[in-house]
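# Geometric and topological summary
Residues per chain are reported as follows:
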2 protein chains.
Amino acid sequence: MQNTSSSSPSPDAPADGPDHLFDRAVALEPVGPDLFRGHTHEAWANMVGPFGGTTAAAMLGAVLQHPAKHGDPLALTLNYAGPIADGEFLIEARPVRTNNSNQHWWIEMRQGEEVLTTATAITGLRRETWSETESTPPAVPAPEEVPPASEDRGVRWIGNYDMRFVTGGWDDVAEGEGAPESTTTMWIRDRPQRDLDHLALASMCDSFFPRAFLRLGRPVPAGTVTLTIHFLATADEIAAQGSDFLLGSIHSHRFHGNYHDESARLWSRDGTLLATGTQLMYFKG
Amino acid sequence: MQNTSSSSPSPDAPADGPDHLFDRAVALEPVGPDLFRGHTHEAWANMVGPFGGTTAAAMLGAVLQHPAKHGDPLALTLNYAGPIADGEFLIEARPVRTNNSNQHWWIEMRQGEEVLTTATAITGLRRETWSETESTPPAVPAPEEVPPASEDRGVRWIGNYDMRFVTGGWDDVAEGEGAPESTTTMWIRDRPQRDLDHLALASMCDSFFPRAFLRLGRPVPAGTVTLTIHFLATADEIAAQGSDFLLGSIHSHRFHGNYHDESARLWSRDGTLLATGTQLMYFKG
């Protein structure tokens, strides 16, 4: 996470480091106590406004560069309250309570007087304890054996990821028949490659297309209303990931009355469960 | 949900209606704009402070009795920031954005200047859409065929529920061997019986004992840090439940570095998935 970059490369020239398009999308400048200014980036455009993953990462980024920050991210809940216009936004990040081992944050994104996104985050210190993973990754081919997915899905931000669908891919949406169940399993990494950190991991938790598309066999109006991320790995484990592919798997429990949930897990290639992402999505169909 | 009751029965005389001990634990009195006063109830005491489920319900209750409320609960994220002392508390519930179909809430519980619990909630209108449940309940015996669990677990709030463990019950904790996996499946309803509503459902989402107890085969220091509830059923479906048992099933994905997650689903007896509860818990062990 860095503030503004002193160089100004064109948006078409992604690179490693502070000029990577992901870092540029989540770059924040401190502009007052608890207050940060950011800017949407055209390379991350979604149907309306920016990709929600970069919004999540920017909100968490305000906490991580706050001078009062205590510990590493444990949990983040994002509530997408309204569309974000292209351009500048302000993020207010305020520690509401600091304990010995953890800290509770209130975060709000605004443009003018309008609240666009709210969030709470918890950061904390971790010590070694008994450790066990019950949720092991599904048996899948290595990412090198799976073709990269088409970028032709009508939204620009897709191009910033190398996604490789193992099951429940975009073809199952495009073919129009609808899948019998909502699971998508895919490999994903930044394109160009970038070392994983909490911000990139948060963003990837929101990188799956809506499960309603897969079940209905067509894109329908849909959008995330709220997203909760639990970081189940330590900062060391996240850093150890480097720029390798993550394996993500997501499914829904129920679709009903304009809303459906989504439950995602993201593992490292060696089976370390890094995070879960739990969403409630609006949909029509 | 009602405000204060005009009668004053003893705490040992639970009853239906506003005198039910659950209603008394979550009763709030409006004391200013966006501001409500409540009081912990001794019948819901946990190891330290009140049971987190009634705290969750009281926070949501402030939204439901707010004059600006728009729609029914869709999602609630509770962050338990610090211990609640026995006695009075204030809840501030503020609508931060109201859209045509949904509304975003910021909620904070305080005693004096200290923030004890923060939350966000989303309420909304729902219309009929394509509907499907992928997550069906496990095959279990009817609640009438399962003995009620012992109330002897060292905390008083347990007595307000009729819990019937199907798998992963308290015996597996008490026997000290540790279970090979973290799933508990149980029937649960209020004792005495009470018609289900969003508040009672929210509370039941927090009624499972910590998964670390089950895996380690002993109670260890543990507590919920954050709980996210997604209401996957409409208000009509929740009301149709009446006072019958719900079936709940919960498990963890990973235990590591002082924290573990928990993922719960709650169904009606006829298999309607009413809600999911997703937690991050602190634990030592």
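This structure is a prediction, so every number in the text was calculated from the model and none was measured.

Right, let's get into the overall build of chain A. Within chain A one finds six helices and 14 strands. In summary, chain A has a C-alpha radius of gyration of 18 Å against a globular reference of 19 Å for 285 residues, a match within 12%. The dimensions of chain A, computed from C-alpha atoms along their principal axes, are 50 × 45 × 40 Å. Put simply, 68% of the contacts in chain A that link residues at least 6 apart link residues at least 24 apart. Summed over all atoms, the accessible surface of chain A reaches about 10500 Å², with 48% contributed by carbon and sulfur. Seen as two clouds, the 21 positive and the 37 negative side-chain charges of chain A have centres 4 Å apart.

As a further point, take the relation of the copies chain B and chain A. The relation between the two copies of this chain is a rotation about an axis and a shift parallel to it. Structural alignment of chain B on chain A gives an RMSD of 0.0 Å, achieved by rotating through 180° and translating 0.0 Å along the axis. Such values leave the two copies arranged in the relation of a two-fold axis.

This part is about the interface of chain B and chain A. Accessible area lost on assembly of the parts is the figure often given for the size of an interface. Contact residues are listed per partner, giving 62 residues for chain B and 62 residues for chain A. Each partner contributes to the roughly 5700 Å² buried at the junction of chain B and chain A, and carbon and sulfur atoms together form 53% of this total. Ranking the residues of chain B by area buried against chain A places B:W130, B:E134 and B:R254 at the top, with a combined share of 14%. Two residues, A:R215 and B:E134, come together in a salt bridge whose shortest N-O distance is 2.8 Å. At the boundary of chain B with chain A, the tally comes to 49 residue pairs in polar contact (both at pLDDT 80 or more). Broken down by class, the residue content of the side of chain B that touches chain A amounts to 21 nonpolar, 28 polar and 13 charged. Inspection of the sheet shows strand β7 (residues 132–133) of chain A paired to strand β12 (residues 254–256) of chain B by two bridges, in the antiparallel sense. Directly across from A:T133, in β12(B), lies its bridge partner B:R254.

With that out of the way, let us pick up helix α2 (residues 52–64) of chain A. Counted at 1.5 Å a residue, the expected span for α2(A) with its 13 residues is 18 Å, and the 18 Å between its end C-alpha atoms agrees. Counting buried residues in α2(A) gives twelve out of 13 residues, a clear majority hidden from the surface.

Per the counting criterion, the structure on display carries 32 salt bridges over all chains. A single network of salt bridges, built from pairs that share partners, joins A:E92, A:R94, A:E108 and A:R110.

This part takes up the confidence of the model for chain A. All names here are of chain A. With 94% of its residues at a pLDDT of 70 or more, chain A has an overall mean of 93. Taken together, the stretch residues 1–14 has pLDDT below 50 and engages in 30 contacts with residues farther than four places along the chain or on a different chain. Prediction confidence for the complex, expressed as pTM and ipTM, is 0.94 and 0.93 respectively.

All names here are of chain A. Along the chain, I238 turns up in helix α6 (residues 235–240). Separated by 124 residues in sequence, I238 and E114 have C-alpha atoms that sit 34 Å apart. Residues within four places of I238 in sequence aside, it is in contact with L196, D197, H198, L201, F231, A233 and L274.

Turning our eyes to something else, we now look at unusual backbone geometry. Cis rather than trans, the peptide bond between A:R191 and A:P192 has omega equal to -5°. You can see A:P192 is positioned in the loop between β9 (184–190) and α4 (198–204). Backbone geometry at A:N258 places phi at a positive 80°, although glycine is not the residue there. Even without glycine at this site, B:D34 takes up a positive phi of about 65°. In this fold, B:D34 is placed in the loop between β1 (29–32) and β2 (35–39).

Moving on: the pairing of strand β11 (residues 246–251) of chain B. All names here are of chain B. Counting buried residues in β11 gives five out of six residues, a clear majority hidden from the surface. Looking at chain direction, strand β9 (residues 184–190) and β11 are connected through five bridges and run antiparallel. The residue bridging T184 from the neighbouring strand is I250, located in β11. As judged from the six bridges shared by β11 and strand β13 (residues 259–268), these two strands associate in the antiparallel manner. Within β13, the position partnered with S249 by the bridge is R265.

The rules behind these values
- Residues numbered from 1 in each chain as written.
- Chains lettered and ligands numbered in written order.
- Predicted model: local features only at pLDDT ≥ 70, side-chain atom pairs only at ≥ 80, totals over all residues.
- Heavy atoms only, no water.
- Helix = DSSP H or I, 4+ residues; strand = E, 2+ residues; numbered from the N terminus.
- Rg over C-alpha atoms; globule rule 2.2 N^0.38 Å.
- Contact = heavy atoms within 4.5 Å.
- Areas by Shrake-Rupley, 256 points an atom, 1.4 Å probe, with all protein chains shown as cover.
- Lys, Arg positive; Asp, Glu negative; His and termini not counted.
- Charge placed at Lys NZ, Arg CZ, Asp CG, Glu CD.
- Least-squares fit on C-alpha atoms with pLDDT ≥ 70 in both.
- Buried area = accessible area lost by both parts, 1.4 Å probe.
- Salt bridge = Lys/Arg side-chain N within 4 Å of Asp/Glu carboxyl O.
- Polar contact = N/O pair within 3.5 Å; in protein donor to acceptor, adjacent residues only side chain to side chain.
- Nonpolar A, V, L, I, M, F, W, Y, C, P; charged D, E, K, R; others polar.
- Pairing = 2+ DSSP bridges.
- Expected span 1.5 Å × (residues − 1).
- Buried < 20%, exposed > 50% of the residue type's maximum accessible area, 1.4 Å probe, protein only.
- pLDDT = per-residue confidence, 0-100.

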